[in-house]
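Listed here are the chains, written in short residue letters.
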Amino acid sequence: MQLTKHWYAQLDDYVIDLAWSPDGSALAAASAAGPITLLSAGDGARRAELPGHEGGSNALAWRPGSSLLASGGQDGAVKLWDGEAGQHVATAPLGRAWVEHLAWRPGASDPILAAAAGRKFAFLNPDATLRHQFQDSPKTVSALAWHPQGGCAAVAYFGGVCLWDADTALARKEFAYGNGIHALAWSPDARWLVSGNQDPSVHLWKPESDIELQMSGYEGKVRHLSFDSGSRWLATSGSQDACIWDCSGEGPEGREPLMLPHGAPVCAVAFQRAHGLLATASEDGALMLWSPERKQPLRATVRMPASAARISWSPDDSLLAVGTEKGIVYVLRCET
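Below is a summary of the structure that appears in this document.

1. Overview of the sheet that holds strand β6 (residues 57-62)
Strand pairing in a sheet is mediated by backbone hydrogen bonds. Such pairs are either parallel or antiparallel.
For step 1, the next point in the chain: Overall, antiparallel pairing links the 4 strands, which are arranged β6-β7-β8-β9 in an open sheet. The strands lining the two open edges of the sheet, one partner per strand, are β6 and β9 (87-93). Recorded for the sheet is a direction-independent mean angle of 20° between the axes of neighbouring strands.
For step 2, the next point in the chain: Sheet topology note: the β6/strand β7 (residues 68-73) ladder contains 5 bridges and is antiparallel. What sits directly across from alanine 59, in β7, is glycine 72.

2. A short note on the environment of leucine 320
For step 1, the next point in the chain: When you line up the elements, leucine 320 lands in strand β31 (residues 319-324).
For step 2, the next point in the chain: Residue contacts for leucine 320: discarding those within four places in its chain leaves Ala279, Leu287, Ile311, Ser312, Trp313, Tyr330, Val331 and Leu332.

3. Structural notes on the pattern of salt bridges
For step 1, the next point in the chain: According to the stated counting rule, one finds 11 salt bridges in the structure shown.
For step 2, the next point in the chain: Close ionic contact of lysine 120 with aspartate 136 constitutes a salt bridge, the shortest N to O distance being 3.5 Å. In this pair, lysine 120 sits in strand β12 (residues 120-124) while aspartate 136 sits in the loop between β13 (130-133) and β14 (141-146), placing the two residues 16 residues apart along the sequence.
For step 3, the next point in the chain: By relative accessible area, lysine 120 is classed as partly exposed at 34%.
For step 4, the next point in the chain: Salt bridges linked by common partners bring Arg105, Asp110, Arg131 and Asp167 together as one network.

4. Observations concerning the pairing of strand β5 (residues 46-50)
Moving residue by residue along a regular strand, the side chains alternate between the two faces of the sheet.
For step 1, the next point in the chain: Two elements, strand β4 (residues 36-40) and β5, share 4 bridges in a ladder whose sense is antiparallel. For leucine 39, the partnering residue across the bridge sits in β5 and is arginine 46.

Conventions we followed
Residues numbered from 1 in each chain as written. Predicted model: local features only at pLDDT ≥ 70, side-chain atom pairs only at ≥ 80, totals over all residues. Heavy atoms only, no water. Pairing = 2+ DSSP bridges. Helix = DSSP H or I, 4+ residues; strand = E, 2+ residues; numbered from the N terminus. Axes fitted to C-alpha atoms, helices over the stretch in contact; angles between N-to-C directions. Contact = heavy atoms within 4.5 Å. Salt bridge = Lys/Arg side-chain N within 4 Å of Asp/Glu carboxyl O. Buried < 20%, exposed > 50% of the residue type's maximum accessible area, 1.4 Å probe, protein only.

Written out as structure tokens, the structure reads:
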């Protein structure tokens, strides 16, 4: 197994977010300064330079099965862009707070864009018109994640998580949690909803049966979560090791996690979309590939000159995009 450099591109600031187009032909990269660059997956050529958001961009999300790209920024707005034409399409103002969380409903039949800014949370239509404005959250929205089948959106804030129904816009369930939440992830089979927390810990809910599990012992806040495509392995940050929990059967409680060592705190984790490789990055610039089911899980290591701020697999799992704190976007090819 090898990771080889396919191409790289230099942005004007820290890479705040990365997002592959649904067909895998383009990579959108947002810099903390505001501009959004559309890069060709084949050679890194710049397809378009979008102005992004005044003050800075925060989040990117492509509409499934479409060339429509959504972005959120420090100007309190959601903007929609035509990724093929490289043009602005529409703007939806959400208020004065930064728009830090965006996610499209899975599937293309009835698209909804979930967007959060401060305590405000809304569902938007693909033309940026407001579909539903929810009551303000008790605290600032800190994470959101769509149910894998798109039936509801999980919204986290200090104190808990609420599941908002996509069709009725009513609260399905609320889960109390007495601390800050930094990340949310559903298992692909929808059995588990997981939060990465400030306290520091990982909390698991089984929404269909109201079972809850708590996994603690982390060195720091847990900001990054990723499930494998089979819903068995849950990768988490929060330490100098990437921590891998076995969520099969009744879940990870009482099981010893697999610890994948780094030389510095882990700053990103990402399983492939359809295959079994896990990419992890640490603050010393190390990027590693693992196969958690193997007795010798380490498959490849790459050293970069700067820490990864974001990592993302292409839709076909052949390319790994890495956005660094120094504003460089690397695209690495995964080869056996």
